[in-house]
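Geometric and topological summary
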Amino acid sequence: MTEVFEVHCPERAALDVVFLHGLDGDARKSWTSGSDDLFWPQWLAEEVPDTAVWTVGYDAWSSGWRGQSMSLPDRAINLLALLQNHAIGERPLCFITHSMGGLLVKEMLLHASEGRDDYAVFAEAIEGVAFLATPHTGSGVTKAVDSLGHLYRGTAAVEDLKRNGPHLRQLNDRYRDWVNEVKIRNLVFFETRLTNGVRVVDEASANPGIAGVRPIPVDADHVTICKPSTRRDLVYGQVKRFIANVNSAEAPGVEVAAREAGEHLQAGGVSIVAAGERSVAVGTNAGIISAGDDATNNL
């Protein structure tokens, strides 16, 4: 069953934040550490003003005995259509992803970037993606599934995660090139502990290779990396900072300030083209070009 759940949606939200789980995940349990009050998407909604927070549930079973799964390209179109039904993509957007969820977001955004259908708005709306233990070049867990063969009955989702598979390599290359072109923020974490004796996603696979982005090691395994237990947790603090920075850049006051600054600088021979945080200032007299925060901070 594929569903979008509203965690919090203020009347005048400036930003949509969508949580997308990975293999064998759940719209709520994937983001909860024990009791229900440790559901951290709710913390984010409480602490970052004017932010609509959503979490998505979809079938992503690793074993055919437990349920079915779609291939990555098919599930990407499926989720784009589902999010569109909830008007997500009509304002600035960030994704928080765990494991295979990050691969799905890359598929979704690259499809949207082709601009051939109604989903093109997602490529225009996206401001940032946080990847928690995403296997950009595949996962070691597929070896264990292969070794069990028919006893496990691996699904299409597991097949898509095979280490160094051609589709994942091309997906990562295309996403990296596109991100460098459009200057979307990215935040990356990787696990440092074993999960049932297996390193599900190592530091090499968790690194998408985006210029200026340094993956952050976390004292957690593949399951617990997306389950902060307190608001002081490294992952929660970094994601909150990431979303708050995007949200402040999208606030109406920022655009007003940029316009006022442009009017002031026009007199000095400098013109400003404002587009939120991706503003570009061109000095016509001094010959100076700067590219705002995106030149130095691509988190």
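For the structure itself, look to the data block above.
Not measured: the values here are computed from a predicted model. (Residues numbered from 1 in each chain as written. Predicted model: local features only at pLDDT ≥ 70, side-chain atom pairs only at ≥ 80, totals over all residues. Heavy atoms only, no water.)

Counted at 1.5 Å a residue, the expected span for helix α7 (residues 166-182) with its 17 residues is 24 Å, and the 24 Å between its end C-alpha atoms agrees. Residues of α7 that are buried: Leu168, Leu171, Asn172, Tyr175, Trp178 and Val179. One face of α7 carries all of its buried residues, which in axial projection span an arc of 140 degrees. Opposite its buried face, α7 presents the exposed residues Gln170, Asp177 and Glu181, each directed more than 90 degrees away. Packed against the buried residues of α7 are α2 (72-85), α3 (100-113), α4 (120-125), β5 (126-132) and β6 (185-191). A positive phi of about 65 degrees marks lysine 183, the residue just after α7. (Helix = DSSP H or I, 4+ residues; strand = E, 2+ residues; numbered from the N terminus. Expected span 1.5 Å × (residues − 1). Buried < 20%, exposed > 50% of the residue type's maximum accessible area, 1.4 Å probe, protein only. Arc of directions from axis to C-beta. Contact = heavy atoms within 4.5 Å.)

It is worth spelling out the sheet that holds β6 at this point. Across the sheet, 7 strands lie side by side as β1-β3-β2-β4-β5-β6-β7; this open sheet has mixed pairing. Of all strands in the sheet, those with a lone pairing partner are β1 (3-8) and β7 (216-218), marking the two edges. Taken over all neighbouring pairs, the strand axes of this sheet differ in orientation by 20 degrees on average, direction set aside. Most of the contacts of α2 go to β1, to which it runs at about 45 degrees, and overall it touches β1, β2 (15-20), β3 (51-57) and β4 (93-98). (Pairing = 2+ DSSP bridges. Axes fitted to C-alpha atoms, helices over the stretch in contact; angles between N-to-C directions.)

Along β3, 7 of the 7 residues are buried, which leaves the element largely enclosed by surrounding structure. Neither face of β3 is exposed, since Thr51, Val53, Thr55 and Gly57 on one face and Ala52, Trp54 and Val56 on the opposite face are all buried. The pairing of β1 with β3 spans 5 bridges and is classified as antiparallel. When the sheet's bridge partners are listed, glutamate 3 is paired in β3 with glycine 57. For β2 and β3, the ladder comprises 6 bridges, and the chain directions are parallel. The residue bridging valine 17 from the neighbouring strand is valine 53, located in β3. Read from β2 through helix α1 (residues 40-47) to β3, the crossover connection turns out right-handed. (Right-handed = clockwise from strand over helix to strand, strands pointing away.)

Among the nonpolar cores identified, the biggest contains 41 residues, and Leu83, Phe95 and Tyr175 are the most heavily contacted of them. Residue assignment for this core shows that the elements contributing at least two residues are β2, β3, α2, β4, α3, α4, β5 and α7. In terms of residues, this core owes the most to one element, α3, which gives 8 residues. The residues touching leucine 83, leaving out its near neighbours within four places in the chain, are Val4, Val18, Val56, Ile88, Phe95, Met108 and Phe122. Formed by 30 residues, the second largest nonpolar core is a distinct cluster that contains Leu44, Ala45, Val48 and Leu132. (Core = buried A, V, L, I, M, F, W, Y, C linked by side-chain atoms within 4.5 Å.)

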